[in-house]
Amino acid sequence: MKAAEIRQTFLKFFESKGHQIVASSPVVPGDDPTLLFTNAGMNQFKDVFLGFDKRAYTRATTSQKCIRAGGKHNDLDNVGYTARHHTFFEMLGNFSFGDYFKHDAISYAWELLTKHFHLPAEKLWVTVYAEDDEAYEIWNKVVGVPAERIVRIGDNKGGRYMSDNFWMMGDTGPCGPCTEIFYDHGPEVAGGPPGSPNEDGDRYIEIWNNVFMQFNRTEDGVMHKLPKPSVDTGMGLERLAAVLQHVHSNYEIDTFVGLLAAAKTAVDGAAPAGNDADKDSPSLKVIADHIRACSFTIVDGVIPGNEGRGYVLRRIARRAIRHGYKLGARKPFFHQIVAELVNQMGDAYPELRQAQTRVTEVLKQEEERFFQTIANGMEILEAALAQGHSQVDGETAFKLHDTYGFPVDLTADVCRERGVTVDQAGFEAAMNRQREQARAAGKFKMAAGLEYQGTATAFHGYEHLVCETSKVTAVYVD
Ligand code: ATP
Ligand code: MG
Ligand code: MG
Ligand code: MG
């Protein structure tokens, strides 16, 4: 079953259960300053869960464009390393706004997976929040999942409600206990079942999360009960497609085959004659992943820049470009893959096809800019790596950032490939020093009666989010 067909089957199934099919919202959330990018299907319904907004329906289903490259849910560093993470992916979801609750949510999920997608029941594992006896009983007694494949997951990740089975949209907002469905890809893949010490392997892959929305978490950490218990679910389309297409990695599904081929063609075409990029290289996967994230953010109006969303876009684009450089590309190639992306996804998301020329042009410009400095930057980084230390110093990382346009997470990405780390604290110190100097210069200009150019306060909201994204304070505040 192709991804497009899976998407339709999901939406039609929930339509047959009385759900309204609702279009995906943009990846840039319209009016939510707590969110960098849309990270789940429920985002567009946040106010409905909170009771601030009412819809004509109490059941909805969507296929939502999501980006997880910042904020609470950040998978940028997983891409290229796991079989299951993307920066951009599609989340299939069904929602109940004070309508059905645990019993129906679980029953629907099981019916869809086993009767319509024909997944073998014995390959499915489920997890429930440790204290949620009700969900446990429904799985065990109503659905009939044997106790040995139901795992209770508690608050062992650092405090109450820090469990993988207590889902939060961000530090604030709707949240609640959840139950998750995993698919066992078989013993030839490394990794243990959910809840075991080696659960992070890729054998048991989480495919579907059913969240029982019950609370609104406010900034002070207090959990307020929602007006009505609700349901919010999310299933990664690409992960389900991998299962249904009998492949292990998301990158082997139909939508990625064409993108990977286009990425290889573009890289080889931008490299010296005879270049033959390894078609199995993780770098090609990173490029194929990142073209989706970059294109869909540009569709929604983001352009590469030095702060906020624009900086996240720049970081993702430059990471992809660096991976192309690693495979041999010496001139712009990344923007050429947009055409194949439109082939793959333009029908499901017409806004992509409509913006094709603009997306291509924006990426081309960003590439042209970065190709001016990447070779010299890489030389400096290679020289630092050649010293054989276990860490690249903060001053070098700062110089790469400041003079060669290497976001520090890009430097860290190269270092990680070599088993080396970056001195983040040293980098931050150098950044702060520069900020202080800029501030002092700004004050001087003000005092001299020159035009004030500072816009720092406008970006503090994102500064925090971007910090989280890269786990360092790699953010420009002009
Ligand atoms: P994981 O533990 O694998 O990182 P998650 O628990 O962070 O996933 P949820 O927040 O529960 O994911 O999101 C719901 C569903 O969305 C997941 O069950 C998965 O199928 C899908 N999903 C989440 N993150 C990604 C991603 N980065 N790429 C592709 N699919 C994803
Ligand atoms: Mg995750
Ligand atoms: Mg998880
Ligand atoms: Mg999950």
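The preceding data block contains the structure.
Residues numbered from 1 in each chain as written. Chains lettered and ligands numbered in written order. Predicted model: local features only at pLDDT ≥ 70, side-chain atom pairs only at ≥ 80, totals over all residues. Heavy atoms only, no water.

On to the overall build of the protein chain, then. Broken down by element type, the protein chain carries 16 helices and 13 strands. Rg of the C-alpha trace for the protein chain: 23 Å, near the compact-globule value of 23 Å for 478 residues, within the 12% margin. Taken over the C-alpha atoms alone, the protein chain extends approximately 70 × 60 × 45 Å along its principal axes. The 478 residues of the protein chain split such that 57% are buried. (Helix = DSSP H or I, 4+ residues; strand = E, 2+ residues; numbered from the N terminus. Rg over C-alpha atoms; globule rule 2.2 N^0.38 Å. Buried < 20%, exposed > 50% of the residue type's maximum accessible area, 1.4 Å probe, protein only.)

Turning to the pattern of salt bridges, a few remarks are in order. On inspection of all chains with the given rule, the structure shows 32 salt bridges. Between Arg-55 and Asp-53 there is a salt bridge whose closest N-O contact spans 3.3 Å. A salt bridge links Glu-137 to Lys-141; the shortest N-O distance between them is 2.8 Å. Highlighted residues: Glu-137 and Lys-141, both in helix α4 (residues 133–143), separated by four residues, approximately one helical turn. Given a relative accessible area of 35%, Glu-137 falls into the partly exposed group. Here Lys-141 falls in the exposed class, since its relative accessible area comes to 59%. (Salt bridge = Lys/Arg side-chain N within 4 Å of Asp/Glu carboxyl O.)

As a further point, take unusual backbone geometry. For residues besides glycine, phi is generally negative; the peptide bonds are generally trans as well. Unlike most non-glycine residues, His-118 shows phi in positive territory, near 55 degrees. Position of His-118 relative to the elements: it lies in the loop between α3 (102–116) and β6 (124–129). Despite not being glycine, His-246 shows a phi value in the positive range, around 55 degrees. Here His-246 shows up in the loop between α5 (237–244) and α6 (254–269). Of the residues examined, His-246 reaches a relative accessible area of 73% and is grouped as exposed.

Taken together, 18 residues are adjacent to ligand 1, and Asp-75, His-85, Trp-167, Glu-206 and Asn-209 come closest. Arg-68 is positioned with one of its side-chain polar atoms (N or O) 3.0 Å from an oxygen atom of ligand 1. One of the backbone nitrogen or oxygen atoms of Ile-207 is found 2.9 Å away from an oxygen atom of ligand 1. Looking at the shell around ligand 1, the elements with two or more residues in it are β5 (88–96), β10 (204–217) and β11 (223–236). No other element matches β10, which puts four residues into the shell around ligand 1. (Near = heavy atom within 4 Å. Polar contact = N/O pair within 3.5 Å; in protein donor to acceptor, adjacent residues only side chain to side chain.)

Further remarks concern the nonpolar core. Within the largest apolar cluster, 116 residues are counted, with the highest numbers of intra-cluster contacts made by Leu-113, Leu-119, Trp-139, Trp-208, Phe-333, Phe-334 and Ile-337. The residues touching Leu-119, leaving out its near neighbours within four places in the chain, are Leu-113, Thr-114, Leu-124, Tyr-183, Ile-207, Leu-240, Val-243 and Leu-244. Counting 21 residues, the second-largest nonpolar core is a separate cluster that includes Phe-45, Phe-49, Cys-178 and Leu-226. (Core = buried A, V, L, I, M, F, W, Y, C linked by side-chain atoms within 4.5 Å. Contact = heavy atoms within 4.5 Å.)

Attention now goes to the packing of aromatic side chains. Applying the stated criterion across every chain, the model contains 23 aromatic pairs. Centre to centre, the rings of Tyr-100 and Tyr-108 are 5.2 Å apart; their planes meet at 85 degrees, and the pair counts as edge-to-face. For the residue pair Tyr-100 and Tyr-108, the accessibility class agrees, reading buried in each case. One cation-aromatic arrangement involves Arg-152 over Tyr-136; the distance from NZ or CZ to the ring centre is 4.5 Å. When the ring centre of Tyr-325 is taken as reference, the NZ or CZ atom of Arg-330 above it lies at 3.7 Å. (Phe/Tyr/Trp six-rings, centres within 6.5 Å; stacked < 30°, edge-to-face > 60°. Lys NZ or Arg CZ within 6 Å of the ring centre and 35° of its normal.)

Taken together, the four bridges between β5 and β11 define a ladder with antiparallel strand orientation. Across the sheet, residue Met-91 finds its bridge partner in β11, namely Gly-236. Direction of pairing for β10 relative to β11: antiparallel, over a ladder of nine bridges. From the neighbouring strand, Trp-208 faces β11, where its bridge partner is Met-235. As consecutive antiparallel partners, β10 and β11 are separated by five residues, and within that stretch Gly-221 has a phi angle of approximately 85 degrees, a positive value. (Pairing = 2+ DSSP bridges.)

Time to look at the environment of Lys-326. Turning to its location among the elements, Lys-326 is positioned in helix α8 (residues 308–326). C-alpha of Lys-326 to C-alpha of Val-267: the two residues are 59 residues apart in sequence and 9.7 Å apart in space. With near-sequence residues (within four places) excluded, Lys-326 lies in contact with Ser-283 and Glu-417.

Turning to the state of the cysteines, a few remarks are in order. Taken as a whole and judged by the stated rule, the model has zero disulfides. Cys-175 supplies the cysteine sulfur nearest to Cys-178, a cysteine that is in no disulfide, at a spacing of 11 Å. (Disulfide = S-S within 2.5 Å.)

Another aspect to go through is the side chain of Thr-411. Its location among the elements puts Thr-411 in helix α14 (residues 408–417). Judged by its relative accessible area of 0%, Thr-411 falls in the buried class. Those residues in contact with Thr-411 that lie beyond four places of it in its chain are Leu-381, Leu-400, Phe-406 and Val-422.

Restricting attention to buried positions, one finds in helix α13 (residues 394–404) the residues Gly-394, Thr-396, Ala-397, Phe-398, Leu-400, His-401 and Tyr-404. Of the residues trailing α13, Gly-405 is marked for its positive phi of about 70 degrees.

Right, let's talk about helix α9 (residues 338–345) for a bit. Residues of α9 that are buried include every one of Val-338, Glu-340, Leu-341, Val-342 and Met-345, and no others. Considering only its buried residues, α9 is in contact with β5, α6, α7 (282–299), α10 (350–354) and α11 (356–371).

It is the contact of α7 with α8, at a shortest axis distance of 9 Å, that shows an interaxial angle of 150 degrees. Taken together, the axes of α7 and α8 lie roughly antiparallel to each other. Along this stretch, α7 crosses α8, giving a crossing that reads as left-handed. Residues Ser-283, Val-286, Ile-287, His-290, Ala-293, Cys-294, Thr-297 and Ile-298 of α7 touch α8, and the partners they reach there are Leu-313, Ile-316, Ala-317, Arg-319, Ala-320, His-323, Gly-324 and Lys-326. Tallied by class, the residues present in the contact of α7 with α8 amount to nine nonpolar, five polar and two charged. (Axes fitted to C-alpha atoms, helices over the stretch in contact; angles between N-to-C directions. Parallel < 35°, antiparallel > 145°, perpendicular 65-115°, else oblique. Left-handed = near helix turned anticlockwise from the far one by under 90°. Nonpolar A, V, L, I, M, F, W, Y, C, P; charged D, E, K, R; others polar.)

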